[in-house]
Amino acid sequence: MQVDRRSEETQTATLGGFELPLAPRMPRIGSVDAVAVEARAAELGKRSIKRESKLYALELAIRCMDLTTLEGADTPGKVAALASKALRPDPSDASIPPVAAVCVYPNLVEAAVARLRGTSVKVASVATAFPSGQSPLSVKLEETREAVALGADEIDMVIDRGAFLSGRYAEVYDEIVRVKEASGGAHLKVILETHELGTYDNVRRASLLAMAAGADFVKTSTGKLPVSATPPISLVMLEAVRDVFEETGRMVGFKAAGGIRTAKQAIHQLVLVNETLGSGWLTPDRFRIGASSLLNDVLMQIRFQRTGLYSSPDYFTID
């Protein structure tokens with residue numbers, strides 16, 4: 001395996017046709033105190049939330065959800081059904097808000113757009129050889145342009161973890177810049193696939209790299225690995241977002257995806273965001289939760305908070 005052994009100070013990134021030193025374009029990397037991060041993330045998960053606040057948090061979680069279907073057996077009909085659920089999560093309760101977006105593969109963007117055009121629900125598309133990221137850059141850029149041309153409002157790209165883990169940071173930076181350009185007016189979410197990065201230091205480094213390259217959101221995972229958006233991982237990324245904001249004034253969004261299956265886990269993520277970044281990030285424009293199995297549990301919890309009775313999962317459609 002080829003390893004780029006240049007330091008961040010000597011690596012250069014291509015921007016506008018010019019070679020620029022990479023390090024000055026990134027806030028200080030620093031080192032993550034693993035014990036402190038894990039302790040704080042666990043402590044924030046113990047916060048007691050009153051009934052009224054819990055109902056607000058549950059409805060906010062729905063408004064910030066990306067309903068996702070990324071399977072080989074996906075069909076236009078499945079996407080249409082998912083879009084209907086995105087617009088009306090609980091058909092028996094019109095007070096439940098729609099979700100933020102529906103995320104699909106590029107070849108199913110048209111099917112999603114056909115159902116969601118003119119609504120508040122965005123259409124997101126994965127791109128850049130999701131989930132592996134192992135394709136030539138030219139292929140990644142063409143896939144991104146095609147998804148946008150088909151109507152995608154948002155692009156979820158994956159970084160080249162092989163390049164990152166080999167120390168070729170400038171290569172990763174350049175690729176994100178090029179995909180951002182190919183995305184045009186679509187918002188770009190950069191997926192780090194944190195489980196494969198190995199350490200909290202790498203998660204922080206990759207987060208800062210993605211934001212320096214122009215990411216509108218940094219996202220934990222593809223959702224294809226068993227360990228993804230753990231509270232400590234989310235906290236490391238949120239602190240990187242905070243540091244960029246404090247240094248530059250730029251508000252970058254955060255998306256927690258992978259392994260979040262219960263309303264309790266979703267609220268934990270909301271608490272992490274609120275305590276680290278503040279209420280300005282508690283909107284669909286700044287925070288998302290990737291969900292394929294989360295929505296029904298949140299709906300059941302809302303019904304319980306309102307009525308005191310638990311509903312069977314059979315009352316809700318399967319995503």
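As a reminder, the structure under discussion sits directly above these lines.
Residues numbered from 1 in each chain as written. Predicted model: local features only at pLDDT ≥ 70, side-chain atom pairs only at ≥ 80, totals over all residues. Heavy atoms only, no water.

Some words on the nonpolar core
A general tendency of soluble globular proteins is for nonpolar side chains to be buried together.
Thought 1: Ile62, Ile176 and Val190 are the most contacted members of the largest nonpolar core, which has 93 residues in total.
Thought 2: Core analysis: the next-biggest nonpolar cluster, separate from the first, contains seven residues, Leu70, Cys103, Val126 and Val158 among them. (Core = buried A, V, L, I, M, F, W, Y, C linked by side-chain atoms within 4.5 Å. Buried < 20%, exposed > 50% of the residue type's maximum accessible area, 1.4 Å probe, protein only.)

Remarks on helix α10 (residues 263-277)
Thought 1: Its 15 residues place the ends of α10 21 Å apart at the C-alpha level, agreeing with the 21 Å of an ideal helix rising 1.5 Å per residue.
Thought 2: Of all 15 residues in α10, 11 are buried; the element is thus mostly enclosed.
Thought 3: Considered for burial, the residues of α10 that qualify are Ala263, Ala266, Ile267, His268, Gln269, Leu270, Val271, Leu272, Val273, Thr276 and Leu277.
Thought 4: On its buried face, α10 sits against α1 (34-44), α2 (51-63), α9 (231-248), β9 (253-257), β10 (287-291) and α11 (294-307).
Thought 5: Note on α10: the residue one or two positions beyond its end, Gly278, has a positive phi of about 100°. (Helix = DSSP H or I, 4+ residues; strand = E, 2+ residues; numbered from the N terminus. Expected span 1.5 Å × (residues − 1). Contact = heavy atoms within 4.5 Å.)

Comments concerning helix α3 (residues 76-87)
The α-helix advances 3.6 residues per turn, and as a result positions three or four apart in sequence lie on the same side.
Thought 1: The end-to-end C-alpha distance of α3 is 17 Å, a good match for the 16 Å that 12 residues give at a rise of 1.5 Å each.
Thought 2: Within the sequence span of α3, burial applies to Val79, Ala80, Leu82, Ala83, Lys85 and Ala86.
Thought 3: Residues of α3 that are buried in the fold lie against β3 (65-68), β4 (101-104), α4 (109-116) and α11.

Let's talk about the environment of Thr220
Thought 1: Among the structural elements, Thr220 can be located in the loop between β8 (217-219) and α9.
Thought 2: When near neighbours in sequence (up to four residues on either side) are disregarded, Thr220 contacts Ile191, Leu192, Glu193, Thr194, Ala229, Ile233, Ser234, Met237, Phe254, Lys255, Ala256 and Ala257.

As for the pairing of β9
In summary, the side chains of a regular strand alternate between the two faces of the sheet.
Thought 1: The element β9 is extensively covered by neighbouring structure, given that five of its five residues are classed as buried.
Thought 2: Side chains Gly253, Lys255 and Ala257 of β9 all project onto a buried face; the interleaved residues Phe254 and Ala256 project onto the opposite face, where all are buried too.
Thought 3: Handedness of the crossover joining β8 and β9 through α9 is recorded here as right-handed.
Thought 4: Pairing analysis gives four bridges linking β9 to β10, with the strands arranged parallel. By the bridge assignment for β10, Ala257 is matched with Gly290.
Thought 5: One crossover worth recording links β9 to the parallel β10 by way of α10, and it is right-handed. (Right-handed = clockwise from strand over helix to strand, strands pointing away. Pairing = 2+ DSSP bridges.)

Structural notes on unusual backbone geometry
Thought 1: At the junction of Phe130 and Pro131, the peptide bond is cis and its omega measures out at 0° in the coordinates.
Thought 2: Relative to the elements of secondary structure, Pro131 occurs in the loop between β5 (122-127) and α5 (137-149).
Thought 3: Positive phi outside glycine occurs at Ala129, with the angle close to 60°.
Thought 4: Inspection of the secondary structure assignment puts Ala129 in the loop between β5 and α5.
Thought 5: The class of Ala129 is buried, set by a relative accessible area of 17%.
Thought 6: The backbone phi angle of Glu193 is positive, close to 55°, even though this residue is not glycine.
Thought 7: Along the chain, Glu193 turns up in the loop between β7 (187-191) and α8 (200-212).

The values are spatial; any link to function lies outside them.
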